[in-house]
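# Summary of the model geometry
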Amino acid sequence: ARSPVRGAAFQWVGPLAQTLTRFYVRKGSALRITSLEAARAQRLVLPRQWYSYEYLRGQGFDNLYTVTSAETMMQMFRQGRADVLAASDIALPGLLSIVGMSPDEVEAQFVFLRHESYLALSPQTDPAVVRRWQAALDGLKRDGGFAMSYRRWFASPSVPPRLLEVAP
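The present account deals with the structure reproduced in this document. In this text the structure is predicted, and so the values were computed from the model without any measurement.

Reading the values: the criteria
- Residues numbered from 1 in each chain as written.
- Predicted model: local features only at pLDDT ≥ 70, side-chain atom pairs only at ≥ 80, totals over all residues.
- Heavy atoms only, no water.
- Helix = DSSP H or I, 4+ residues; strand = E, 2+ residues; numbered from the N terminus.
- Buried < 20%, exposed > 50% of the residue type's maximum accessible area, 1.4 Å probe, protein only.
- Contact = heavy atoms within 4.5 Å.
- Core = buried A, V, L, I, M, F, W, Y, C linked by side-chain atoms within 4.5 Å.
- Salt bridge = Lys/Arg side-chain N within 4 Å of Asp/Glu carboxyl O.
- Pairing = 2+ DSSP bridges.
- Axes fitted to C-alpha atoms, helices over the stretch in contact; angles between N-to-C directions.
- 1 Å grid on protein atoms, 1.4 Å probe; cavity = no way out; pocket = protein on both sides within 12 Å on 5 of 7 lines; lining within 4 Å.
- Points joined across faces, edges and corners; volume = space filled by probe spheres on them.
- Nonpolar A, V, L, I, M, F, W, Y, C, P; charged D, E, K, R; others polar.
- Patch = residues over 30% accessible without salt bridge, like charges linked within 9 Å, V, L, I, M, F, W, Y side chains within 5 Å.
- Areas by Shrake-Rupley, 256 points an atom, 1.4 Å probe, with all protein chains shown as cover.

### Comments concerning the overall build of the chain
A tally of helices and strands in the chain yields six helices and five strands. The order of helices and strands in the chain, counted from the N terminus, is β-α-β-α-β-α-β-α-β-α-α. Principal-axis analysis of the C-alpha atoms places the extent of the chain at approximately 50 × 35 × 25 Å. Within the span of the chain, comprising 168 residues, buried residues form 42% of the whole. Looking at the chain alone, contacts between residues at least 24 apart form 68% of all its contacts between residues at least 6 apart.

Shown next, in the form of structure tokens:
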């Protein structure tokens, strides 16, 4: 996830996807998260290394229980030890499958982050290598390969126009 805070930490190739990160509750739950303020009153569990953790801590959230892995987070959510799940729309199905849940078992709530996903390369990577990766991606965008792959992996009938732009 490319964000202003993480911008200088990597060299970036992309964008590859647009993502919404939101809160989710178990289906049938009486909980309704309509704002960041509403989420402050709930039990949230997140891996410390996730960008959503960084963001929520930056917003002054002090109700975050940190764990070392997505698997632990999902087990705690499944067992009811966390009331609310914070996840991106792209990652949600895979996260739920870790604990045998499916997307129809949760209800989408408030979107608190929108970002673009990129390939992140080390700052020590030779800039010429980064340029070659970007050029290869731009070539896929020009010849239609990127759109074809995007529709396959994201089961989307259309690609957001911003993702088809090539680097200047």
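### Looking at the nonpolar core
Side chains that are nonpolar tend, in soluble globular proteins, to be buried together. Counting 32 residues, the largest nonpolar core has F23, L56, M73, M74 and L85 as its most contacted members. No other element matches the five residues that helix α3 (residues 70–78) contributes to this core. Leaving out residues up to four positions away in the same chain, L85 has contacts with R22, F23, Y24, M73, M74, F77, L92 and L96. In this structure, V13, V130, L137 and Y150 belong to the second largest nonpolar core, which totals nine residues.

### Focus on the pattern of salt bridges
Evaluation of the coordinates by the stated rule reveals six salt bridges. The partner of E107 in a salt bridge is R32, with the nearest N and O atoms 3.2 Å apart. Of this pair, E107 sits in strand β5 (residues 106–121) while R32 sits in the loop between β1 (11–26) and α1 (36–39), and the two are 75 residues apart along the sequence. R162 is the salt-bridge partner of E116, the closest N and O atoms lying 2.9 Å from each other. Highlighted residues: E116 in strand β5 and R162 in the segment after α6 (145–154), separated in sequence by 46 residues. Judged by its relative accessible area of 30%, R162 is partly exposed.

### Description of the sheet that holds β5
With antiparallel pairing, the three strands of this open sheet are ordered in space as β4-β1-β5. Edge positions in the sheet fall to β4 (85–88) and β5, since each of these pairs with one other strand and no more. Averaged over all neighbouring strand pairs, the angle between strand axes comes to 25°, with direction disregarded. Relative to β4, β1 runs antiparallel, the two sharing four bridges. Bridging from a neighbouring strand, F23 pairs with A86 of β4. Strand contacts of helix α2 (residues 51–58): β1, β4 and β5, with the helix running at about 115° to β5, the strand carrying the most contacts.

### Considering the environment of R131
Topologically, R131 is positioned in helix α5 (residues 127–143). Expressed as a C-alpha distance, the spacing of R131 and G80, which sit 51 residues apart in the sequence, is 46 Å.

### Some words on the layout of surface pockets
Approximately 220 Å³ is the volume attributed to the largest pocket. Along its surface, the largest pocket is lined by A1, R2, S3, P4, V5, Y51, E54, Y55, G58, L113, R114 and H115. Put simply, the parts of the chain that give the lining of the largest pocket at least two residues each are α2 and β5. Of the residues forming the lining of the largest pocket, the biggest block, four residues, is contributed by α2. Split by residue class, the lining of the largest pocket holds six nonpolar, three polar and three charged.

### A word on α6
The complete set of buried residues in α6 reads G145, F146, A147 and Y150. Against β1 and α5 lie the buried residues of α6.

### With respect to a nonpolar patch on the surface
A grouping of I90, W153 and F154 is seen on the molecular surface, where their side chains present a nonpolar patch of about 320 Å² in accessible area. If you trace the backbone, W153 turns up in helix α6.

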